[in-house]
Amino acid sequence: MTPLLLSTLDLVGTFAFAISGATLGVRKRLDLFGVLTLAFAAATAGGITRDLIIGAHPPAAFGDWRYLATAMAAGLVTFFGYEQVERVRNPVQMFDAVGLALFAVSGTSKALAFGIGPVGAVLLGMLSGIGGGMLRDVLVTEIPAVLQRELYAVAALLGATLLALGTWLGLPPAPTALVAALACFTLRYLAIRRGWNLPIATWRDPES
Amino acid sequence: MTPLLLSTLDLVGTFAFAISGATLGVRKRLDLFGVLTLAFAAATAGGITRDLIIGAHPPAAFGDWRYLATAMAAGLVTFFGYEQVERVRNPVQMFDAVGLALFAVSGTSKALAFGIGPVGAVLLGMLSGIGGGMLRDVLVTEIPAVLQRELYAVAALLGATLLALGTWLGLPPAPTALVAALACFTLRYLAIRRGWNLPIATWRDPES
Amino acid sequence: MTPLLLSTLDLVGTFAFAISGATLGVRKRLDLFGVLTLAFAAATAGGITRDLIIGAHPPAAFGDWRYLATAMAAGLVTFFGYEQVERVRNPVQMFDAVGLALFAVSGTSKALAFGIGPVGAVLLGMLSGIGGGMLRDVLVTEIPAVLQRELYAVAALLGATLLALGTWLGLPPAPTALVAALACFTLRYLAIRRGWNLPIATWRDPES
C-alpha cells in the first residue's frame, strides 16, 4: 500500500469512529460542543493514549490538523443530519470495522517502532482500536460497550497479534500489515453478521 | 502583567476550580478524602493532561506544592463550611470564569512554547480550561456539564484562539495574553448573565 | 528485602488488585474480555498513571509481560470460579492490603528516583496504590469506592509519607521501605477490622 492510500484509509477510520461518537452525543442530547467533543474523543483517544504510553510527543491527533478537521466534519454532519446518518447505520458500521482494523495494525506497528516488546505492542495496538470508544462511552456515563458484548476487541487483538507475529518472523511489512488488517476486518464483519458474542460468567448470587 | 501577578491569578483560578470540585464532592456525600480529591482533580486535571500531551514532565501540579496546598485549602474550606460556600455561589462563579480565562490563555501559551502547532495549541489551551471540570464530573458518574449546556468551552476556545492568533501575527506577548483572557472572561460572564447556551440537535427518534 | 522477594510481593499485589477488578466485572455481567480488562485496569492503572506523570516510558505494565500474565491469570480464575473466589473474600482483602502497601511504597520510591519533590512523590505513591481501583470503578460507572468510604487512601498516604520522610532524613532505604509498608498495611488492616471511615460533611440542603 502506498503512504497516500494508508493515510486516506486512516482518515476514513477516523471519520467512522467520529460518527459513532457524534451519534451517541446526539442521542444523549449533548449540545453542539458536546457532540463535537464526543466525535473527537471517539476518533482519537485510543491513539492518544498509545502515544502517551510509548512516549511519542505530541500525539498525532494534536500534531496533524487533518484528524481534528475530519472528526469535526463527521460531528457536524451528524449534528445537522442525524436522521439521515441513522438511516445509513449499516455502512457506518462497515467503516467502523475498517477503522478498527487500521488502528489496530498501525497502532501495533507504531508501538514496535518505539521499541515496545511484542506483548506490550499487541496490547497497545488493541488499545489504539478500542480506546476511543471506551472514552466515548465513559463520557456519557455508560459502561463501555466493548466490555459487555459483541466480538470487537478480539478482532483488534487478532489483527495486532498477526502484525506482531509477522514482524517477529521478519516477514515483509506491507503484506503482513495487509493480511493482519484483513483478518481483523473479516472477524469483525462476521461477528456483526452472525451476532457473535463472548461468554459471560455464570454464577449464582450467594446473597440471594 | 508581572510574573507575581500572573502566578497569583493562576492560584486564584486553582482555588475557584477546586471549590467547584469540593462542592460537588460534598453534594455527592463523598468522604473527606473524596472531597479533597475532587478539589485537586477539578483544579489540576486540565493542566496535567496538557502537560502529558506536550511532554512536560512532571506536570506543574506535581512539581509545585502551591497547587496542592491551594486545592487542599479550597477543599477544607468547602468541607467544613459548605453552607457558607453555597451562599457565595455567585462570586465563586466569577472566580471560576477568571480561572477559565487564565488556564485557557496560559495553556495555549505553554503548548506553543513546546512547539505544538497553532491548531493543536488552541485545542490544548481549551483542554487546560475545561479538563478539570470534565474529570470532576466523570468521577461522580455525571455527564460532564461542559458537554451539555452553557457557553463555557466556547469562551475558553475564544481566549485560546486569540492568543494563538496574536502569537502567529507576532504581536507583543503581554497585551495579547491580556486581551485574550479578557475576551474569554467577558464571553463567559455574558453567557452566565444572559443564560446563553449552544444548540442541541433536533431529531425525531426513528424507533418511536 | 531481596529484589526477588520484592518482585514476588509486587506480583502478589498485582494478583490481588486484578481479583478485585475481575470480581466487579463478573458482578456487572461484563463479558470475558470485559472481565479481563477490569482485572488489568485495576492492577496496573495506578502505576501506569504514575509512570506517565514522571515520564517513565514505557510504563512497567507494558514493558514487563509478567504483569499482564498475572492479571490475566487472576481474571481467568475469577471468571471461571467466581463463586469460589467470593468465598475467600477475606483473604483476598488481605492480599489487597499487601498490594496497597507495596504499591504506595514502591510508587513513592520510583517518583523520588525520577527527581520529583517529596510532596509530589507522596501524591504519586498514593496514586500508584489507589489509581487502579478508581479506573476500575469508573469503567463500570460507579463512583470510586475510595472517594466514598473506608480508610483506604489514607493508609496509602501514610506509607508514602513515611517513605518520603525516611528518604529525606537519609535513613537506610530497605528498613525505611519495610517500616513504611508495614505501617500502611497495619492501618488498612485495622480499618477493615474496626470499620473505620473518614467523616462526611454535614450540611442542610438550602433548597429543601
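Residues numbered from 1 in each chain as written. Chains lettered and ligands numbered in written order. Predicted model: local features only at pLDDT ≥ 70, side-chain atom pairs only at ≥ 80, totals over all residues. Heavy atoms only, no water.

Naming follows an unreviewed UniProt entry, where chain A appears as Membrane protein of Arenimonas soli. Looking at chain A in UniProt, the text filed under Sequence similarities (unreviewed entry) is "Belongs to the UPF0126 family." (UniProt positions renumbered as here; feature names shortened; annotations may be inferred.)

Counting residues at the interface gives 26 residues for chain B, matched by 33 residues for chain C. Summing both partners gives a buried area of about 2,600 Å² for chain B against chain C, and 72% of it is carried by carbon and sulfur. In terms of surface lost to chain C, no three residues of chain B exceed Asp31, Phe33 and Phe62 of chain B, which account for 26% of the buried area on that side. The tally of links from chain B across to chain C stands at 0 salt bridges. Linking chain B with chain C are 5 residue pairs in polar contact (both at pLDDT 80 or more), by the criterion used here. Of all the elements, helix H2 (residues 32–54) of chain B adds the most residues to the side of chain B that touches chain C, at 7 residues. (Contact = heavy atoms within 4.5 Å. Buried area = accessible area lost by both parts, 1.4 Å probe. Salt bridge = Lys/Arg side-chain N within 4 Å of Asp/Glu carboxyl O. Polar contact = N/O pair within 3.5 Å; in protein donor to acceptor, adjacent residues only side chain to side chain. Helix = DSSP H or I, 4+ residues; strand = E, 2+ residues; numbered from the N terminus.)

Residues and elements named next belong to chain A. For the structure shown, the criterion picks out 18 salt bridges over all chains. Note that Lys110 and Asp51 form a salt bridge whose closest N and O atoms lie 3.2 Å from each other. Of this pair, Lys110 sits in helix H6 (residues 89–113) while Asp51 sits in helix H2 (residues 32–54); the two residues are 59 residues apart in sequence, bridging distant segments of the chain. Within this structure, Arg50, Asp51 and Lys110 form a network of salt bridges that share partners.

Now for the interface of chain B and chain A. On the side of chain A, 25 residues touch chain B, which itself brings 32 residues to the contact. Summing the contributions of chain B and of chain A, the shared interface buries around 2,600 Å²; its carbon and sulfur component is 72%. Between chain B and chain A we count 0 salt bridges in total. Taken together, the links from chain B to chain A amount to 5 residue pairs in polar contact (both at pLDDT 80 or more).

Attention now moves to the packing of aromatic side chains. A ring pair, where both rings are aromatic, is described by two values, the distance of the centres and the angle of the planes. All names here are of chain C. By the definition in use, this model includes 15 aromatic pairs over all chains. Both rings, one in Phe40 and one in Phe62, keep their centres 6.1 Å apart while their planes meet at 80 degrees; by these two values the pair is edge-to-face. Placement of Phe40 in helix H2 (residues 32–54) and of Phe62 in helix H3 (residues 60–63) is noted, with a sequence separation of 22 residues between them. Assigned by exposure class, Phe40 and Phe62 land together as buried. (Phe/Tyr/Trp six-rings, centres within 6.5 Å; stacked < 30°, edge-to-face > 60°. Buried < 20%, exposed > 50% of the residue type's maximum accessible area, 1.4 Å probe, protein only.)

All names here are of chain A. A surface patch of nonpolar side chains, about 480 Å² in accessible area, is lined by Leu165, Trp168, Leu169 and Leu171. Mapped onto the elements of the fold, Trp168 is located in helix H8 (residues 153–168). Look at Trp168 and you get exposed, because its relative accessible area is 67%. (Patch = residues over 30% accessible without salt bridge, like charges linked within 9 Å, V, L, I, M, F, W, Y side chains within 5 Å. Areas by Shrake-Rupley, 256 points an atom, 1.4 Å probe, with all protein chains shown as cover.)

Here the focus is the nonpolar core. Ranked by internal contacts, the top residues of the largest apolar core, which has 195 residues, are Ile130 of chain A, Ile130 of chain B together with Ile130 of chain C. If near-sequence neighbours (up to four positions away) are discounted, Ile130 of chain B is found in contact with Phe33 of chain A together with Leu100, Val146, Tyr152 and Ala153 of chain B. (Core = buried A, V, L, I, M, F, W, Y, C linked by side-chain atoms within 4.5 Å.)

This next bit is on H2 of chain C. All names here are of chain C. Helix length check: H2 (23 residues) gives 33 Å between terminal C-alpha atoms against 33 Å at 1.5 Å per residue, within 8%. Its axis deflected by about 50 degrees at Thr44, H2 carries its strongest bend there. Counting buried residues along H2, 22 of its 23 residues qualify, which places the element largely inside the surrounding structure. In the stretch just after H2, Gly55 is the one whose phi turns positive, near 80 degrees. (Expected span 1.5 Å × (residues − 1). Bend = angle between axes of the 7 residues up to and from the residue.)

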